[in-house]
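Here's the letter readout for the chains.
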Amino acid sequence: MKLDLYPTKFLAMLKIVFQSRLTDEDVAFIREYLTKQEQILFYALTALDQRHSLNTAYAIQEWLGKKPKVRPDKLYKAALLHDIGKARAKLRLIDRVNQVLLFTFCPPLANYLADRGAVDHRGYWRRILYTYKYHPRLGANLAKSIRVEDSVIYLIENHHLPESTDEPRELSLLREADQLN
Ligand SMILES: [Fe+2]
Ligand SMILES: [Fe+2]
């Protein structure tokens, strides 16, 4: 994560703490874009990650407006499911703050511990840093296991890749909405 994104990410975290309860509109949105099996994955996320994922989807919805040039249903689904890999370790708010701090201020150590960790590692740092670093791949594997569309799996798996000029527009939109929410 870039240093200049740190305050934005931190503010977004604070915001979702105060609005993590799902509304009737949220539930209707989730039902509209996710199958029953996909909803099970979504609800396995912590309340904070559910709110973050919904806010990511709503930001994309706002940007697309009424006449989207990309297929919104797949994009909303990807936004709702993009962080499901985090559900493997049930990251709490404090874990989220800790990993942002370590990856921001000491990336070599964060990467060293993450690369030697696992979702069920006994060591706290190796568990949370591994899950954070590899959640796109973990999430893509979960999505594959319930046969989510390949285009959605692609977005889940690549949502933390650095921007590239030849990437699909959907991936750019998802990355930007994710970073702001
Ligand atoms: Fe993510
Ligand atoms: Fe995210």
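The structure this text deals with has already been given above.
Residues numbered from 1 in each chain as written. Chains lettered and ligands numbered in written order. Predicted model: local features only at pLDDT ≥ 70, side-chain atom pairs only at ≥ 80, totals over all residues.

S.K.: Quick question: what am I supposed to make of the packing of helix H4 (residues 47–64) against helix H5 (residues 72–81) here?
M.R.: The angle between the axes and the distance between the axes are what describe a pair of packed helices. Close contact between H4 and H5 brings their axes to 7 Å; oriented N to C, the two are set at 155°. Compared by their axis directions, H4 and H5 come out roughly antiparallel. Judged by the sense of rotation from one axis to the other, the crossing of H4 with H5 is right-handed. In this structure, H4 uses Ser53, Leu54, Thr56, Ala57, Ile60, Gln61 and Leu64 to contact H5, whose residues at the interface are Pro72, Leu75, Tyr76, Ala79 and Leu80. Each residue belonging to the contact of H4 with H5 can be placed in one class, and the counts come to 9 nonpolar, 3 polar and no charged. (Axes fitted to C-alpha atoms, helices over the stretch in contact; angles between N-to-C directions. Helix = DSSP H or I, 4+ residues; strand = E, 2+ residues; numbered from the N terminus. Parallel < 35°, antiparallel > 145°, perpendicular 65-115°, else oblique. Left-handed = near helix turned anticlockwise from the far one by under 90°. Contact = placed C-beta atoms within 7 Å. Nonpolar A, V, L, I, M, F, W, Y, C, P; charged D, E, K, R; others polar.)

S.K.: Explanation requested: the nonpolar core in the structure shown.
M.R.: Where a protein is soluble and globular, its nonpolar side chains tend to be buried together. Judged by nonpolar contacts, the single largest core of 27 residues is most densely connected at Ala79, Leu80 and Leu81. Put simply, the parts of the chain that give this core at least two residues each are helix H2 (24–33), helix H3 (36–43), H4, H5, helix H8 (124–145), helix H9 (150–158) and helix H10 (169–180). In terms of residue count, H5 provides more of this core than any other element does, 6 residues in total. (Core = buried A, V, L, I, M, F, W, Y, C linked by C-beta atoms within 7 Å. Buried ≥ 20, exposed ≤ 12 C-beta atoms within 10 Å, placed from the backbone.)

S.K.: Sorry, what's going on with the environment of Val100 here?
M.R.: Within the secondary structure, Val100 sits in helix H6 (residues 93–105). Look at Val100 and you get partly exposed, because 18 C-beta atoms sit within 10 Å. Along the backbone, Val100 and Tyr132 are 32 residues apart, and their C-alpha atoms lie at a distance of 9.2 Å.

Don't take any of this as a statement about function, it's just geometry.
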